[in-house]
Amino acid sequence: MRVYISIDMEGVAGIATMDQVVRGGHGYPRSQRLMTGEANAAIEGAFEAGAESVTVNDSHGTMDNLLHEELDPRARLVFGSPKLDCMAEGVSAEHDVAMFLGYHAAAGSPGVLAHTYSSHFYEVRLNGKLVSEAEINALQAAVVGVPIGLLTGDDVICGVAEKAFPGVRTVAVKEARGHTAADSLSPSEATRLIREASARVVTEAADLAPLTLPGTLDLEIDMPSTPAAELGMSIPGVRRIADKTLAATFGTPRELLGCIQVCYHLAADAMISRMALYGRR
C-alpha cells in the first residue's frame with residue numbers, strides 16, 4: 001500500500017488569519033509547526049495500518065513550509081516551486097490512495113481563507129460551477145487512477161469533498177466563522193482524529209475508486225483587474241469573455257492546471273504593479 005499526501009496550510013487546525021499563512025507573518029512559524037503536526041499524524045496512521053511508503057507534497061504557497069527535521073523520517077517529501085503539477089506533484093500510478101490535508105474552500109464561497117490557487121482570483125469555475133483546489137487536484141490524481149481517501153480542513157470544504165469524492169472520509173478540524181475566523185479543535189484533538197482517519201483509509205483503500213474524468217474541461221477565471229485579463233489573452237487558446245474573465249477549454253487536467261498556474265502569476269504581477277501606484281503620495 002503506497003500513500004500520497006498533498007498538504008496545504010489554510011485548513012489546518014488553529015489557523016484562520018492571513019498573518020498565519022504568509023511567510024514573514026508573526027504567526028507563520030507556529031503555523032509551520034501545526035502543519036507539520038497534521039502531516040505527521042496522517043503519516044503515522046498510514047504506517048500503523050500497513051502502508052509500505054508515504055509521499056508528502058508540500059502544497060502551500062512557496063511549497064517549502066513543512067519543518068523537515070520534525071517530519072516523520074519514514075516519509076518522502078516533495079517541496080519547492082514551481083512544480084509542473086503544483087499541489088498534485090508526485091502523485092503517480094504507483095500510489096493506491098491520496099489524502100488531501102489542510103485544504104480550504106473555493107474562491108467565491110464561504111470558508112476559512114477560501115480561495116482557488118490565487119487569492120487574487122475572484123472565482124474559478126469548471127464546467128460552469130465553482131471549483132476548489134481539491135476538485136482540480138483530484139482530477140490530476142484520477143488521470144493516474146488514484147482515488148481520494150481522506151480530506152481534512154474546515155466544515156465547508158469537507159462538505160464539498162463528501163459530495164465530490166465517492167467514499168471519502170473527512171475530518172473537519174474547524175468550523176468557518178468568516179473568511180479569517182474559525183471555531184477550531186485543539187491541535188492535539190485534530191491530529192488524533194487525522195491519525196485515526198488515515199489508518200482507516202489505508203485499510204479501506206481497495207474499496208475506493210478514482211473520479212471519473214469529465215469529457216470536457218471548460219475553465220473560467222475571474223481575474224483581479226482588466227490589465228490582468230488582457231495579459232491572459234496572450235496564453236494560446238485563452239479568450240476573454242468579459243472585462244475581467246478569461247475562458248478556455250482543455251483536454252487534460254494537466255493542461256487545465258498549467259493555465260491556472262500561468263494566470264496565477266499574471267494576476268499577482270498585475271496586483272503588485274497596481275499596489276506600487278497606490279502607495280504614491
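Residues numbered from 1 in each chain as written. Predicted model: local features only at pLDDT ≥ 70, side-chain atom pairs only at ≥ 80, totals over all residues. Heavy atoms only, no water.

Draft legend 1. View of the layout of surface pockets. Looking at the largest pocket, its volume works out to about 900 Å³. Lining the largest pocket are 36 residues; nearest its centre among them are G61, T62, Y117, S118 and Y264. Those elements giving two or more residues to the lining of the largest pocket turn out to be α1 (18-21) and α7 (253-278). Taken together, the elements giving at least two residues each to the lining of the second largest pocket come down to β6 (129-130) and α3 (133-143). Among the residues forming the lining of the second largest pocket, the class breakdown is eight nonpolar, two polar and two charged. (1 Å grid on protein atoms, 1.4 Å probe; cavity = no way out; pocket = protein on both sides within 12 Å on 5 of 7 lines; lining within 4 Å. Points joined across faces, edges and corners; volume = space filled by probe spheres on them. Helix = DSSP H or I, 4+ residues; strand = E, 2+ residues; numbered from the N terminus. Nonpolar A, V, L, I, M, F, W, Y, C, P; charged D, E, K, R; others polar.)

Draft legend 2. Up close: the packing of helix α2 (residues 28-48) against helix α5 (residues 187-204). Contact pair α2 / α5: the axes reach a minimum separation of 7 Å and the direction vectors enclose 30°. Considering how the two elements wind past one another, α2 and α5 form a crossing that is right-handed. Residues L34, G37, E38, A41, A42, E44, G45, A46 and E48 of α2 form the contact with α5, whose own contacting residues are P187, A190, T191, I194, R195, S198, A199 and V202. In the contact of α2 with α5, the residues fall into nine nonpolar, four polar and four charged. (Axes fitted to C-alpha atoms, helices over the stretch in contact; angles between N-to-C directions. Left-handed = near helix turned anticlockwise from the far one by under 90°. Contact = heavy atoms within 4.5 Å.)

Draft legend 3. Fine view of helix α4 (residues 155-164). Among the residues of α4, I157, C158 and A161 are the ones counted as buried. Along α4, the residues classed as buried sweep out an arc of 105° about the axis, all on the same side. The exposed residues of α4 that point more than 90 degrees off its buried face are E162 and K163. The distance from a side-chain oxygen at the start of α4 to the backbone nitrogen of V156 is 3.0 Å, and the residue carrying that oxygen is D154. (Buried < 20%, exposed > 50% of the residue type's maximum accessible area, 1.4 Å probe, protein only. Arc of directions from axis to C-beta. Polar contact = N/O pair within 3.5 Å; in protein donor to acceptor, adjacent residues only side chain to side chain.)

Draft legend 4. Layout of the pairing of strand β12 (residues 245-250). Counting buried positions along β12 gives five out of six residues, so the element sits mostly inside the fold. Bridging between strand β10 (residues 217-222) and β12 involves six bridges; their strand directions are antiparallel. Each bridged residue has a counterpart across the sheet, and for L217 the counterpart in β12 is F250. Counting the residues that bridge the hairpin from strand β11 (residues 239-242) to β12 gives two residues. (Pairing = 2+ DSSP bridges.)

Draft legend 5. Structural context of the sheet that holds strand β4 (residues 97-103). Pairing is mixed across the open sheet formed by seven strands, whose spatial order is β3-β2-β1-β4-β7-β8-β9. Only two strands of the sheet have a single partner each, and these edge strands are β3 (76-78) and β9 (181-184). Here the average twist between neighbouring strands, direction ignored, is 20°. Judged from the four bridges that link them, strand β8 (residues 169-178) and β9 form a sheet pairing that is antiparallel. Each residue of the ladder has a partner; that of E175, found in β9, is D183. Most of the contacts of α2 go to strand β2 (residues 53-58), to which it runs at about 160°, and overall it touches β1 (2-7), β2, β4, β7 (148-154) and β8. Sitting on the sheet, α3 touches β4 and β7, and the angle it makes with β4 is about 160°.

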